Amino acid sequence: MDSEIAVDCSPLLKIYKSGRIERLMGETTVPPSSEPQNGVVSKDVVYSPDNNLSVRIYLPEKAAENGEKLPLLVYFHGGGFIIETAFSPTYHSFLTAAVSASNCVAVSVDYRRAPEHPISVPFDDSWTALKWVFTHITGSGQEPWLNKHADFSKVFLSGDSAGANIVHHMAMRAAKEKLSPDLNDTGISGIILVHPYFWSKTPIDEKDTKDETLRMKIEAFWKMASPNSKDGSDDPLLNVVQSESVDLSELGCGKVLVMVAEKDALARQGWGYAAKLEKCGWKGEVQVVESEGEDHVFHLLKPDCDNAIEAMHKFSAFIKGEN
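Fair warning: this is a prediction, and the values are worked out from it, not measured in the lab. (Residues numbered from 1 in each chain as written. Predicted model: local features only at pLDDT ≥ 70, side-chain atom pairs only at ≥ 80, totals over all residues. Heavy atoms only, no water.)

Let us now look at the UniProt feature "active site" (unreviewed entry) in the protein chain. Mapped onto this structure's residue numbering, the UniProt feature "active site" (unreviewed entry) falls at S161. Positionally, S161 belongs in the loop between strand 8 (150-160) and helix 5 (162-174). With relative accessibility at 8%, the residue S161 sits in the buried group. Beyond its immediate sequence surroundings of up to four residues, S161 is in contact with G78, V194, H195, P196, Y197 and H296. (UniProt positions renumbered as here; feature names shortened; annotations may be inferred. Helix = DSSP H or I, 4+ residues; strand = E, 2+ residues; numbered from the N terminus. Buried < 20%, exposed > 50% of the residue type's maximum accessible area, 1.4 Å probe, protein only. Contact = heavy atoms within 4.5 Å.)

Here it is as structure tokens:
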């Protein structure tokens with residue numbers, strides 16, 4: 001019988017003793033839209049035929065009509081590396097709104113998820129997607145929207161939660177490995193880390209949560225995503241802030257926006273990341289925006305609330321170069 005549960009992480013997922021994974025949320029998908037939604041059209045394009053992986057590309061309808069070049073946003077969805085997809089109603093709605101507010105082209109990346117595909121697969125897929133995006137830098141790539149409309153002098157990476165963790169690692173890797181032979185630098189203008197999923201076994205400062213049950217729960221998700229990690233949540237892939245082996249001075253972009261939510265257990269990690277950037281000799285500019293009274297990814301759950309609207313304003317202003 002395939003009914004015996006090995007791990008119950010409701011309301012997110014259940015893992016059965018047979019090895020079957022039952023995701024309880026983030027599995028609903030919506031199609032892209034050739035009809036404008038909030039002034040934005042979208043379509044899906046395969047970036048990795050071998051693994052049947054796609055991106056969803058978003059374009060303001062006006063740009064499609066007049067052919068103008070726009071900033072390019074590459075987005076990585078959250079979900080603890082385990083749930084959600086680039087095609088869920090949550091992320092489709094968010095990216096449509098972000099593109100409308102920012103007047104940019106966006107590429108939303110779908111990647112294989114743990115535990116079936118443990119770390120480092122989500123990172124590797126994300127890097128493959130980013131390299132695919134940069135095959136369009138000379139205007140001769142697979143996808144006409146990117147050839148015609150993406151301004152590769154203004155490339156921004158963003159993601160929420162686990163997606164923000166991915167963004168950090170993509171920016172670090174881009175400083176060491178060229179995304180394109182046509183680049184003289186990393187090719188990344190800035191990154192936006194929204195409620196980033198960094199963690200550690202011990203509290204990062206006196207304001208960090210001391211709730212052991214909560215800390216163990218957050219660590220448990222990392223162990224599920226990265227079962228072969230010897231250091232658990234002190235793995236440098238997750239413990240970016242406290243790990244001495246992580247040198248942020250090598251971060252491959254010129255500016256960083258860290259967005260945190262006051263009641264989010266991960267908020268202190270976001271603040272710590274910004275503080276480490278400021279102290280490490282990195283030459284860029286970092287700013288932190290905190291949403292008071294809010295919890296983790298509130299802007300996805302309550303996109304029409306005042307704080308979510310304000311967060312979107314900060315997000316779009318960063319891409320438009322207004323802050």
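Additional details are given in the paragraphs that follow.
It is worth spelling out the nonpolar core at this point. Most often, soluble globular proteins keep nonpolar side chains buried together rather than apart. Counting 78 residues, the largest nonpolar core has L72, I191, Y197, L251, V256 and Y273 as the members making the most contacts within it. Tallying contributions element by element places helix 5 first for this core, with eight residues. (Core = buried A, V, L, I, M, F, W, Y, C linked by side-chain atoms within 4.5 Å.)

What follows covers the packing of aromatic side chains. Under the criterion given, the structure shown has nine aromatic pairs. Geometrically, the ring pair formed by F94 and F315 is edge-to-face, given 5.7 Å between the ring centres and 80 degrees between the ring planes. Here F315 lies in helix 9 (residues 306-320) and F94 lies in helix 2 (residues 89-102), a separation of 221 residues in the sequence. For the residue pair F94 and F315, the accessibility class agrees, reading buried in each case. Ring geometry for F198 versus Y273: centroids 5.1 Å apart, planes at 15 degrees, classification stacked. Here the residue F198 occupies a position in the loop between strand 9 (190-194) and helix 6 (212-225), and Y273 occupies one in helix 7 (residues 267-279), the gap between them amounting to 75 residues. Comparing F198 with Y273, the two get one shared label, buried. Grouping aromatic residues by their ring pairs yields a cluster made of Y75, Y91, F94 and F315. Here the guanidinium or amino end of K43 rests over the ring plane of W145, the centre of that ring lying 4.4 Å away. (Phe/Tyr/Trp six-rings, centres within 6.5 Å; stacked < 30°, edge-to-face > 60°. Lys NZ or Arg CZ within 6 Å of the ring centre and 35° of its normal.)

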